[in-house]
Amino acid sequence: MAFEGLTAEPDGDGRWLVVETGRPRGEAVVATVVRRGEGVELEDPADGPAAPPRGPYSDVDAALEAFGQWRLSRFEGRRP
């Protein structure tokens, strides 16, 4: 699972680490995706209070895409 420099790596039952490629391993994890009920939610984004919507999302790929789009919009100055 990948979205523009982000990948989701399994981290146990119903959890995935969102990893940004190209960053040092100790800093590469930027969020966690957790299965909740019928969908998944973003958890623990490194950006703190200015975080993307938690979800729920239909699957891990949708959560990755939403997180990537949110980060892109922040980079482009469309969000705080």
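See the structure printed just above.
Here goes a summary of the coordinates provided. (Residues numbered from 1 in each chain as written. Predicted model: local features only at pLDDT ≥ 70, side-chain atom pairs only at ≥ 80, totals over all residues. Heavy atoms only, no water.)

Here's the deal with the overall build of the chain
The line we're drawing: Secondary structure is summarised from DSSP: a helix means a run of H or I of at least four residues, a strand means a run of E of at least two, and numbering begins at the N terminus for each. Exposure is judged per residue with a 1.4 Å probe applied to protein chains only, and the accessible area is read against the type maximum: over 50% gives exposed, under 20% gives buried, and values in between give partly exposed. Residues are treated as being in contact if the distance between any of their heavy atoms lies within 4.5 Å.
Helix and strand counts for the chain stand at one helix and five strands. Ordering the α and β elements of the chain from the N terminus gives β-β-β-β-β-α. By the burial criterion, 36% of the 80 residues in the chain qualify as buried. Long-range pairs, those at least 24 residues apart, make up 26% of the contacts in the chain between residues at least 6 apart in sequence.

Quick word on the pairing of strand S4 (residues 29-36)
Basically, it comes down to this: By the convention used here, strands pair only if DSSP detects at least 2 bridges between them.
Where strand S3 (residues 15-20) meets S4, five bridges bridge the pair, whose relative direction is antiparallel. By the bridge assignment for S4, Val 18 is matched with Ala 31. Hairpin geometry of S4 and strand S5 (residues 39-43) is characterised by an intervening segment of two residues between the two adjacent antiparallel strands and by a positive phi of about 60° at Gly 37.

Description of the environment of Glu 38
By the secondary structure assignment, Glu 38 is in the loop between S4 and S5. Taking the C-alpha atoms as reference, Glu 38 lies 7.5 Å from Ser 58; in sequence the two are 20 residues apart.

Description of the pattern of salt bridges
Under the convention used in this document: Only one rule defines a salt bridge in this text: a Lys or Arg side-chain nitrogen within 4 Å of an Asp or Glu carboxyl oxygen.
Counted under the stated rule, the structure contains five salt bridges. Of the charged contacts, one joins Arg 23 and Glu 20 as a salt bridge, the two residues approaching to 3.0 Å between their closest N and O atoms. Using a relative accessible area of 35% as the deciding quantity, one classes Arg 23 as partly exposed. The exposure class of Glu 20 is partly exposed, given its relative accessible area of 22%. In this structure, the salt-bridge partner of Glu 20 is Arg 71, at a minimum N-O distance of 3.3 Å. Of this pair, Glu 20 sits in strand S3 while Arg 71 sits in helix H1 (residues 60-75); the two residues are 51 residues apart in sequence, bridging distant segments of the chain. When its relative accessible area of 23% is taken as the criterion, Arg 71 is described as partly exposed. Each of Arg 15, Arg 36, Glu 41 and Glu 43 takes part in a single network of salt bridges with overlapping partners.

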